[in-house]
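# Summary of the model geometry
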Amino acid sequence: MDRPPIIMTNALLFALSGLTALIAVPWYGLSQGYDLWQWLCLLLLFCYCGISITAGYHRLWSHKSYKAHPALQWIFAIGGALALQNSALHWSSDHRRHHRHVDDNQKDPYSAGRGFWYSHIGWMLREYQRDIYHDYNRRLTEQGIGYEGAIYRKVASEQTLHLKYDKYLFVGFKLSR
């Protein structure tokens, strides 16, 4: 069986983020040290991203468990983008499809039946679902909800390319130095 092509954007995102976490973060800690403000930023962003994925992407958009004010939706959309878990619409769509096809290894986008690696990382590294995502951006724009995907792309690209770390992840570096 031929394997689908690798999605280079995702592979680079994971590689750069992983290398930064494994090399640059400890190096900075050893050479410069982290102060209280930076640890507080880490804790606050960790909680903000976590609650955005749990309460926003998962409960609000995937399961439609409750309704939220548009301002709260924006807050969750930005927090989810900071977590680098794709746009809320894309995440929710995958999650709904996961619940719909949980017993079908071929249709479940991240089926545990295809192995631990596949269900956690592998499904995001190859174009296993090319047919589903083929015309994704056009449909978002037609539905009038393309703004959220644009938020994700902007925040994710700035984080990954290290263009504006001072505004997002490492806000403590600028404020405390």
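The following paragraphs examine the structure supplied in this document.

Cut-offs applied
- Residues numbered from 1 in each chain as written.
- Predicted model: local features only at pLDDT ≥ 70, side-chain atom pairs only at ≥ 80, totals over all residues.
- Heavy atoms only, no water.
- Helix = DSSP H or I, 4+ residues; strand = E, 2+ residues; numbered from the N terminus.
- Buried < 20%, exposed > 50% of the residue type's maximum accessible area, 1.4 Å probe, protein only.
- Lys, Arg positive; Asp, Glu negative; His and termini not counted.
- Salt bridge = Lys/Arg side-chain N within 4 Å of Asp/Glu carboxyl O.
- Polar contact = N/O pair within 3.5 Å; in protein donor to acceptor, adjacent residues only side chain to side chain.
- Contact = heavy atoms within 4.5 Å.
- Expected span 1.5 Å × (residues − 1).
- Axes fitted to C-alpha atoms, helices over the stretch in contact; angles between N-to-C directions.
- Left-handed = near helix turned anticlockwise from the far one by under 90°.
- Nonpolar A, V, L, I, M, F, W, Y, C, P; charged D, E, K, R; others polar.
- Phe/Tyr/Trp six-rings, centres within 6.5 Å; stacked < 30°, edge-to-face > 60°.
- Core = buried A, V, L, I, M, F, W, Y, C linked by side-chain atoms within 4.5 Å.

## Some details on the side chain of D108
Along the chain, D108 falls in the loop between α4 (88-100) and α5 (116-125). No salt bridge is formed by the buried D108. Its closest oppositely charged neighbour is R97, at 7.5 Å. A distance of 2.8 Å separates polar atoms of two side chains, one belonging to D108 and the other to H98. Once residues lying within four places of it in the same chain are set aside, the contact partners of D108 are H98, H101, V102 and Y118.

## Looking at helix α1 (residues 8-31)
The terminal C-alpha atoms of α1 lie 32 Å apart, and with 24 residues this matches the ideal 34 Å at 1.5 Å per residue to within 8%. Along α1, the residues that are buried comprise L13, T20 and Y28. Among the residues trailing α1, G33 stands out with phi positive, at a value near 85°.

## Thoughts on the packing of helix α2 (residues 36-62) against α4
Contact geometry of α2 with α4 gives a least axis separation of 9 Å together with a crossing angle of 65°. Once α2 is placed against α4, the crossing between them reads as right-handed. Across the interface between the two elements, I53, Y57, H58, W61 and S62 from α2 touch A88, W91, S92, H95 and R96 from α4. Considering only residue class, the contact of α2 with α4 consists of 5 nonpolar, 4 polar and 1 charged.

## Let's talk about the environment of R114
In this structure, R114 sits in the loop between α4 and α5. Those residues in contact with R114 that lie beyond four places of it in its chain are N105, Q106 and Y128. Separated by 3.0 Å, the side chains of R114 and Y118 make a polar contact.

## With respect to unusual backbone geometry
One non-glycine residue, K64, lies in the positive phi region at around 50°. Take K64: it is sitting in the loop between α2 and α3 (70-82). Assessed through its relative accessible area of 60%, K64 is described here as exposed. Phi is positive for L84, close to 55°, though the residue is something other than glycine. Tracing the sequence through the fold places L84 in the loop between α3 and α4.

## A closer look at the packing of aromatic side chains
Summed over the entire model, instances satisfying the criterion amount to 5 aromatic pairs. Here Y28 and Y34 contribute two aromatic rings whose centre-to-centre distance is 5.4 Å and whose plane-to-plane angle is 45°, an arrangement assigned as tilted. Using a relative accessible area of 14% as the deciding quantity, one classes Y28 as buried. Summarising the aromatic geometry, the rings of Y34 and W39 are spaced 5.6 Å apart at their centres and angled 65° between planes, so their arrangement reads as edge-to-face.

## So, the packing of α2 against α3
Running from N to C, α2 and α3 point in directions that differ by 115°, and their axes come no closer than 8 Å. Remark: the crossing between α2 and α3 carries left-handed chirality. On α3, the residues touching L45, Y48, C49, I51, S52, I53, A55, G56, Y57, L60 and W61 of α2 are Q73, I75, F76, A77, I78, G79, G80, A81 and L82. In the contact of α2 with α3, the residues fall into 15 nonpolar, 5 polar and no charged.

## Details of the nonpolar core
One finds I53, A55, Y57, L60, W61, A68, F76, A77, A88 and W91 forming the largest nonpolar core, which totals 10 residues. Residue assignment for this core shows that the elements contributing at least two residues are α2, α3 and α4. Here this core takes 5 residues from α2, the largest share from any one element. Apart from the residues lying within four places of it in its own chain, the contact partners of A68 are L60 and Q73.

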